[in-house]
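Structural features, examined
Letter by letter, the chains look like this.
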Amino acid sequence: MKSIDDVARELGAEIAPCTCAEVRNHLFELLDREMEDAEMGRLRAHAESCPECTEATQAEQHMRQIIRRSCHEPAPDSLRVRVVTHLTRH
Ligand SMILES: [Zn+2]
């Protein structure tokens, strides 16, 4: 398995090295796409080649999916009605 340094060396000097700390610091901007394309591409390239940063971005994305899904769940009232209907039917 290649190290990040090896990959960076192969890609050449035009791509500035990117650290894990940098990805973590800009994780929210990266996921919100609130960055310049060049900067985002650089961090994304690191995140995709670094297992730890891949995990960090996936964890954050997963968290956002859960939050988004919970917003779409039926309101507590309609849920209660359904439960009551179910209980009284049996
Ligand atoms: Zn990393």
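The text that follows walks through the structure, step by step, so that each part is easy to find. This is a predicted model, so every value here is computed, not measured.

**Some thoughts on the nonpolar core**
Counting residues in hydrophobic clusters, the biggest one holds six residues: Cys18, Val23, Leu30, Leu43, Ala47 and Cys53. Ignoring sequence-local partners within four residues, the contact set of leucine 30 consists of Met35, Met40, Leu43 and Arg44.

**Some details on helix 4 (residues 37–49)**
Compared with an ideal rise of 1.5 Å per residue, which puts 13 residues at 18 Å, helix 4 spans 18 Å between its outermost C-alpha atoms and is within 8% of the ideal. Among all positions of helix 4, only Leu43, His46 and Ala47 are buried. Mapping the buried residues of helix 4 onto a view down its axis gives an arc of 100°, with all of them on the same face. Of the exposed residues in helix 4, those oriented more than 90 degrees away from the buried face are Asp37, Ala38, Gly41 and Glu48. Those residues of helix 4 that are buried lie in contact with helix 2 (20–25), helix 3 (27–32) and helix 5 (51–71).

**Regarding the packing of helix 4 against helix 5**
For the pair helix 4 and helix 5, the least separation of the axes is 5 Å and the interaxial angle reads 105°. Taken together, the axes of helix 4 and helix 5 are roughly perpendicular relative to one another. On the side of helix 4, the interface is formed by His46, Ala47 and Glu48, while helix 5 contributes Cys53, Thr54 and Thr57. The residue inventory of the contact of helix 4 with helix 5, partitioned by class, reads two nonpolar, three polar and one charged.

Cut-offs used in this document
Residues numbered from 1 in each chain as written. Predicted model: local features only at pLDDT ≥ 70, side-chain atom pairs only at ≥ 80, totals over all residues. Core = buried A, V, L, I, M, F, W, Y, C linked by C-beta atoms within 7 Å. Buried ≥ 20, exposed ≤ 12 C-beta atoms within 10 Å, placed from the backbone. Contact = placed C-beta atoms within 7 Å. Helix = DSSP H or I, 4+ residues; strand = E, 2+ residues; numbered from the N terminus. Expected span 1.5 Å × (residues − 1). Arc of directions from axis to C-beta. Axes fitted to C-alpha atoms, helices over the stretch in contact; angles between N-to-C directions. Parallel < 35°, antiparallel > 145°, perpendicular 65-115°, else oblique. Nonpolar A, V, L, I, M, F, W, Y, C, P; charged D, E, K, R; others polar.

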